[in-house]
Amino acid sequence: MKRLLALLLIVTGLASAPLHAGSDLWPNIPKATGKPHPEGNLFWRKNHMKLLVHDRDLTMRKGDRNIRASLKECIQCHAVKDEQGQAVGVDDPRHFCRACHDFAAVKVDCFMCHNSKPEESSQALLDRRLPDTNELAAYLKEAAQ
Amino acid sequence: MERMIYREIPANRTILQAAVLLGVFILAAAGAVFYMEEHGHIVTGMNNQIVWGLPHVFAIFLIVAASGALNIASIASVFGKTPYKPLSRLSALLAMALLAGGLAVLVLDLGRPDRLIVAMTKYNFSSIFAWNIYLYNGFFAIVGVYLFTQMARGMPAKAVKTAGFVAFVWRLALTTGTGSIFGWLVARSAYESAIMAPLFIVMSFAFGLAVFILVLTFTTRVTDRKLGPKLLRRLGRLLGIFAALVLYFTAVQHLTSNYWARNGGIERFILSDGGIYTTLFWVGQVIIGGLIPMALVFHPTGGSKPASIILASVLVVLGGFAQVYVIVIGGQAFPLDTFPGFTASSSFADGVVHNYSPSLPEFLLGMGGVALALAITGFGMKVLRILPTNLSDANVGQQ
Amino acid sequence: MKLPALKFSKKPSEMNRRDFLRSGAALATVTIAPGVTLMAFGGKEASANADPGKRWGLLIDVNKCSKDCSACVSACSQENGWKLPENPETDAQWIRKVDLTDNATGREVSLVAMCQHCEEPPCVDVCPTGASFKRDDGIVLVDKHICIGCRYCMMACPYKARSFIHENIVDEQKTWAPRGKGTVESCTLCVHRVDAGGTPACVEACTATGNGAMIFGDLKDPESEISKALAKYPSTALRDDLGLNPGVRYQNL
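The following refers to the structure shown. Computed from a prediction, not measured in an experiment: that's the story for all the values here. (Residues numbered from 1 in each chain as written. Chains lettered and ligands numbered in written order. Predicted model: local features only at pLDDT ≥ 70, side-chain atom pairs only at ≥ 80, totals over all residues. Heavy atoms only, no water.)

At A:Ala105, a position not held by glycine, the phi torsion is positive, near 55°. Summarising the element assignment, A:Ala105 is placed in the loop between α5 (96-104) and α6 (123-127). The exposure class of A:Ala105 is exposed, given its relative accessible area of 68%. A positive phi is found at C:Cys190, a non-glycine position, where the angle reads about 45°. (Helix = DSSP H or I, 4+ residues; strand = E, 2+ residues; numbered from the N terminus. Buried < 20%, exposed > 50% of the residue type's maximum accessible area, 1.4 Å probe, protein only.)

Between chain C and chain B, the contact holds 53 residues from the first and 54 residues from the second. Approximately 4,600 Å² of surface area, both sides summed, lies buried where chain C meets chain B, with 56% of it carried by carbon and sulfur atoms. Linking chain C to chain B there are two salt bridges. Linking B:Asp109 and C:Arg151 is a salt bridge whose minimum nitrogen-to-oxygen distance equals 2.9 Å. There are 38 residue pairs in polar contact (both at pLDDT 80 or more) connecting chain C and chain B. Every element with two or more residues in the side of chain C that touches chain B is listed here: β5 (95-102), β6 (108-114), α3 (122-126), α4 (152-156) and β9 (163-164) of chain C. Per-element tally for the side of chain C that touches chain B: the top contributor is β5(C), with seven residues. Pairing of strand β3 (residues 342-346) of chain B with β5(C), which is carried by five bridges, proceeds in the antiparallel orientation. Note on β5(C): the bridge partner recorded for B:Thr343 is C:Thr101. (Contact = heavy atoms within 4.5 Å. Buried area = accessible area lost by both parts, 1.4 Å probe. Salt bridge = Lys/Arg side-chain N within 4 Å of Asp/Glu carboxyl O. Polar contact = N/O pair within 3.5 Å; in protein donor to acceptor, adjacent residues only side chain to side chain. Pairing = 2+ DSSP bridges.)

So, on to the environment of A:Phe103. Residues and elements named next belong to chain A. One can find Phe103 in helix α5. Put simply, Phe103 and Gln84 are 19 residues apart on the chain and 26 Å apart in space, counted from C-alpha to C-alpha. What Phe103 contacts, discounting residues up to four positions off in sequence, is Asp24, Leu25, Trp26, Pro27 and Arg98.

Time to look at the sheet that holds β6(C). Judged by pairing direction, the sheet is antiparallel, and its three strands sit side by side in the order β3(B)-β5(C)-β6(C) without closing on themselves. The sheet is open, and its two borders are formed by β3 of chain B together with β6 of chain C, each paired with just one other strand. If you compare each strand with its neighbour and ignore which way they point, the axes differ by 30° on average. Of the strands in this sheet, β5 and β6 of chain C are in contact with helix α2 (residues 71-80) of chain C, which crosses β5(C) at around 160°. (Axes fitted to C-alpha atoms, helices over the stretch in contact; angles between N-to-C directions.)

This part is about the pattern of salt bridges. In the structure shown here, the tally under the stated rule is 23 salt bridges over all chains. B:Glu8 is paired through a salt bridge with B:Arg385; the nearest N and O atoms lie 3.4 Å apart. Of the two residues, B:Glu8 sits in the loop between β1 (6-7) and α1 (13-39) while B:Arg385 sits in the loop between α13 (360-383) and β4 (387-388), which places them 377 residues apart along the sequence. Beyond isolated ion pairs, a larger network of salt bridges with shared partners links A:Lys107, A:Asp109, B:Arg112, B:Asp114 and B:Arg115.

So, in structure tokens, the structure goes:
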């Protein structure tokens with residue numbers, strides 16, 4: 001498992017455009033809308049499950065609604081549209097979650113209960129995402145130098 | 001009196017046929033589980049009023065019988081009755097096998113059987129269900145050690161007795177826990193009573209012994225091993241006493257409940273107006289599962305015939321299923337008194353007797369549990385030295 | 001621009017796990033070199049909405065609850081995404097209308113029944129995994145992530161408040177009310193609305209009809225409308241004899 005993860009990290013670290021696009025060695029990850037994750041995609045690829053579990057318990061048990069890792073918002077930005085311009089559900093292999101999960105052969109349990117499609121009025125949610133993103137992005141840029 | 005020799009049972013024709021039959025039932029149950037898992041509980045007869053159905057009847061019967069099956073070993077090790085000693089190994093093996101069968105049914109009927117790991121890792125200690133998970137797992141461990149002490153060479157008698165005593169106490173705790181699953185339900189007038197725990201314990205005595213007698217007589221017959229008629233008669237009389245105890249506790253339960261005005265409704269339902277439940281209670285539990293077996297085993301001449309004892313055991317098993325059905329399903333079919341003093345009606349079946357018609361997949365799942373328990377027992381006897389070669393009266397020291 | 005405070009740490013585990021795991025813009029980690037993690041803290045400590053100083057409750061005036069009206073039931077169904085029952089035996093019902101006739105006097109009344117959000121909920125006591133739980137503000141919920149579908153809570157509930165989901169549900173759920181086959185569910189007191197400072201959908205619908213049979217509020221706040229009404233008029237709880245102290249109370253029953 002660890003070795004696999006390390007390999008994944010190396011591959012991700014080295015990953016250049018040709019390896020991503022249209023290669024059998026890499027899942028075809030759909031593009032998201034909305035602002036990019038300030039922590040970077042690698043961070044989320046590695047940690048999304050922990051973050052989701054952690055924040056879901058906060059929300060459900062403590063009523064903490066001021067959380068960042070919300071499945072609802074993942075689905076909002078990462079929705080994949082079909083030919084008719086409608087968001088696809090998890091029954092469609094093009095669904096964002098399935099792109100990697102099918103590739104890695106890891107079962108997703110979320111959609112037994114959660115809706116895998118975004119809500120109708122998505123813009124409102126997009127707008128209230130991460131108020132201090134710019135600030136943090138600037139900070140991270142500085143720290144990286 | 002020769003030395004008691006334990007030997008694996010041979011794989012003769014009859015035993016192989018029985019194994020194939022059990023295999024068919026287990027496969028059918030597996031199919032039923034996949035079908036239920038795929039479609040959800042909509043394909044069962046269970047609904048939002050009858051939330052526990054036929055699988056629970058089977059599971060509870062098997063779990064209750066499991067702890068009762070251990071009795072023979074307890075009587076030998078804890079109470080020092082030597083004629084039962086050669087039967088102790090089978091008793092312990094059968095106890096574990098029945099529990100495994102019952103738990104398999106219970107677990108596979110869950111709404112999310114794929115989350116079994118959650119049940120094993122997250123505990124709510126105010127739940128008797130959570131305690132039972134410990135009691136069940138502990139039962140396997142303790143009875144396993146007990147069986148080992150019986151079978152290991154050079155094990156001091158004290159070790160067997162100690163293990164037997166711990167197992168005996170544990171099995172009482174286990175059945176108390178099973179009975180309390182119902183006894184602690186304040187909401188339901190059919191259950192809320194401390195008597196559920198001791199009632200379940202005497203039920204376990206009767207059901208467990210009946211299953212034990214059936215497995216013992218079947219196996220000794222098909223393997224041509226001797227089984228002393230006096231030993232069998234002794235088991236039969238014990239079964240009669242246990243059947244009487246079940247009737248006694250049932251009588252106390254209903255007399256008490258009848259005395260409370262607020263329980264008049266449920267008591268009338270079970271005892272006189274409940275249709276199938278009333279029939280199952282009087283004909284199934286009381287007559288077939290209680291009075292007839294008692295008459296059979298206590299009959300001055302017929303009581304010593306093996307056929308009577310085997311028939312009595314079959315009837316106790318059937319009556320036991322009827323009793324558990326009345327407790328589990330009958331207790332839920334009677335409407336909850338959410339609005340005392342009022343007659344209620346709603347879209348959610350308030351105030352009306354609830355319907356339940358078991359479906360085939362549920363039945364197959366339950367039968368699969370029975371088949372699994374018997375298959376484990378048979379396999380255990382095949383690979384381990386469980387059953388003595390000679391259980392004649394002279395050999396077991398039965399006068 | 002003032003940068004947030006910086007912390008260098010070799011062992012993230014030394015930090016508060018909750019802080020560490022709190023995701024998104026409030027915290028970012030960047031691996032500068034192996035073993036060295038840079039962490040930035042920003043944002044404010046989030047406030048949990050389940051406040052132990054509150055206890056949410058409902059007061060239902062049976063006299064004002066009209067027999068022909070089921071606005072609250074429809075509103076709940078719409079809000080939380082469960083279909084009005086086609087098959088009453090197996091379909092979920094978070095809230096239901098009940099018609100009652102007094103056995104002694106023949107008086108007829110109508111009311112709504114749902115999860116009573118007990119102070120001592122039997123469903124929470126019996127749940128083997130702890131999926132049934134009570135929030136600090138008294139709202140009783142099911143954690144569907146760890147519900148194994150054993151239905152013991154349904155056996156334990158004196159109010160028949162809970163439903164088991166018997167069939168597959170695909171992409172019909174509201175984001176605030178996840179529902180799935182094989183788990184148990186019940187009224188959430190519209191916890192998503194309550195956390196946002198609103199009132200449950202049923203109460204809103206009841207008020208809109210003009211019947212005004214339902215009052216929602218904080219039972220611990222003596223100045224709330226519900227507390228004042230409870231202090232002034234007699235009320236009762238369903239199955240009060242069980243001592244569960246439900247958060248839902250009835251007037252004129």
